[in-house]
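Chain residues, written in single-letter form:
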Amino acid sequence: MDIKLSFFGAAQNVTGSRYLVETSGARLLIDCGLYQERELLARNWDPFPVPPESIDTVLLTHAHLDHCGLLPKLVREGFSGPIHCTGPTAEIATIVLLDSAHLQEEDAEHKLRRHKREKRTGPHPVKPLYTTEDAEAVTPLLSTTGYEQPVQLGKGLEAVYHDAGHILGAASISLTIKGKGAGRTILFSGDVGRRDKPILQDPAVIEHADYVVIESTYGDRLHQDRKEIDDALADIVNSTRKAGGNIVIPTFSVERAQELLYHLSKLLREDRIPKMPVFVDSPMAIRVTDVFEHHPEYFDEEMMALIRRRESPFDFPGLRETRSVEQSKKISRHRGPAIIMAGSGMCTGGRIKYHLIDNIAREESTILFVGYQAFGTLGRHIVEGAENVRILGRRHDVRARVAQIHGFSAHADRDELLVWLSGLKKDPRHVFVTHGEPEAAESFSRFVHEKTGWPTSVPSYEDSVTLQ
Ligand SMILES: [Zn+2]
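Think of each chain on its own: its residues are numbered from 1, step by step along the sequence as written. Since the coordinates come from a predicted model, pLDDT governs what is reported: local features require at least 70, and pairs of side-chain atoms require 80 or more to be given and counted, while whole-chain, interface and lining totals use all residues. Side-chain numbers come from the whole structure's heavy atoms, not from hydrogens or water.

1. What to know about the pattern of salt bridges
No. 1: Salt bridge, as used here: a side-chain nitrogen of Lys or Arg that lies within 4 Å of a carboxyl oxygen of Asp or Glu. For the structure shown, the criterion picks out 26 salt bridges.
No. 2: For glutamate 109, the salt bridge goes to arginine 113, with nearest N and O atoms at 3.4 Å. One end of the pair, glutamate 109, and the other, arginine 113, are both in helix H3 (residues 87-117), 4 residues apart, so they sit about a helical turn from each other.
No. 3: Throughout this description, buried means an accessible area under 20% of the type-specific maximum (1.4 Å probe, protein chains only), exposed means over 50%, and partly exposed covers the range between. Classification of glutamate 109 by relative accessible area gives partly exposed; the value is 45%.
No. 4: Taking relative accessible area as the criterion, arginine 113 reaches 46% and is therefore assigned partly exposed.
No. 5: Among the ionic contacts, a cluster of salt bridges with common partners joins Asp230, Asp231, Lys266, Glu270 and Arg272. Secondary structure elements are defined from DSSP: runs of H or I of at least 4 residues count as helices, runs of E of at least 2 residues count as strands, and each element is numbered from the N terminus.

Shown next, in the form of structure tokens:
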């Protein structure tokens, strides 16, 4: 039996996850992610490596854009098969893809206006990568499944989704191709989460795979202890409140916002911070939080205990969700210290910019970063200590305190990834290390080989291998 596995994304980089599996009778795509690294953005516009209508099925690991963000383009260009994913992934992906389409449309509009102003035309016609209509066309194809329930894909193929512990509904996927003999199982890790993360279960232990495709985002690093998050957060909230300022937190809408609410509600319950207004000024974060609230079956034991005691982290005294622009504007008129969470997480757009304008020159306020800030973003400039930054066309002095908490990562570190692999009871035939910068991927590939003796490699973009 010959199986062809090709790497069309997240190969020696961290975004654009996309793997193609071809058997004698079927073609499957595992994830269909958007490229987000600036130097790789052009790949989003490339034609798909095979005609979209020739793909039978998509298996989707989770709802982050770098795993699902090219689905609207795939569907527009002819894919019409099922996209298998968990219930929460279907709901969050729908929110995330509509938001992404909206941003694509806005980008195209800005570019058109700029070209008009500068009286020039670009080399290509300006159009959005995909539209709201394209994103809406994805939803009817989403077919939901739960963890550990085999999904029959036809043509001798079966998929099983395992809890990846990364974001709500995220999965690692075992794909079994049955042949005349024993059949072969390829395990795709998706993004693997950390152990003891709040709200979510730990990554599932997976015992069997002939081949493994594993992420390596932090394959060359070890994370800080999570326990330090509560101490750091309490300290920042209390000192800023004492100074009379606001705590402004640029927040990613998916998972990070909900995790922050979890920590803040815990500190409140334990009386480690005083009762004060906590604004969630992000319609998208609020919609994603709603998805969490109606999927308690995906929570861990600790979170379930909180819900049973009516101590949900998504509903506590002082919590205020602002959906409309009018409500959002009122926050700047609010007197007295408050915690303000808003998107985007790297300050590249969204309502956070208005809160930064209100607070960045105030010595008594704190800008608190709880996520990765990519090179070239406003968030990165502030974190790196810029004295003066440009926001919405005007310069502002940075006088507020700038703080950062590192322990929030949604990705397993080097040792946690090895623990995940060591669930396997029998040696796999090969481990492919993907979804990492070249140094991280190479380093993790060597590390796994040294620790286990298994053959490992780091595939390049567009590499294909034949599996036997
Ligand atoms: Zn992810």
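2. Digging into helix H10 (residues 352-359)
No. 1: Listed in full, the buried residues belonging to H10 are Ile352, Lys353, His355, Leu356 and Asn359. Looking down the long axis of H10, one finds its buried residues gathered within 165 degrees of arc, a one-sided arrangement. Working definition: the arc comes from the directions between the helix axis and the C-beta atoms, pointing outward to the latter.

3. Thoughts on the nonpolar core
No. 1: As used here, the term nonpolar core means buried Ala, Val, Leu, Ile, Met, Phe, Trp, Tyr and Cys residues forming a set that is joined through side-chain atoms within 4.5 Å. If you look at the biggest cluster of nonpolar residues, it comprises 105 residues, and the most contacted ones within it are Leu71 and Leu175.
No. 2: Residues in contact with leucine 71, not counting those within four places in the same chain, are Cys32, Val58, Leu60, Ile83, Leu97 and Val138.
No. 3: Core analysis: the next-biggest nonpolar cluster, separate from the first, contains 20 residues, Leu187, Ala209, Leu424 and Val431 among them. The contact definition used throughout considers only heavy atoms, calling two residues in contact when any of these lie within 4.5 Å.

4. Some thoughts on the coordination of the zinc ion
No. 1: For Na, K and Ca the donor cutoff is 3.2 Å, while for all other metals N, O and S atoms count as donors only within 2.8 Å; water does not appear among the atoms, so some sites may look incomplete. Around the zinc ion, the protein contributes the donor atoms His62 (NE2), His64 (ND1), His166 (NE2) and Asp191 (OD), at 2.1 to 2.3 Å from the metal centre.
No. 2: In the primary structure, the donors to the zinc ion are separated according to the pattern H-x1-H-x101-H-x24-D. Residue histidine 62 is located in the loop between strand S4 (57-59) and helix H1 (65-68), and its partner aspartate 191 is located in the loop between strand S10 (184-188) and strand S11 (211-215); the two are separated by 129 residues in the primary sequence. No difference in accessibility class separates histidine 62 from aspartate 191, as the two residues are buried.

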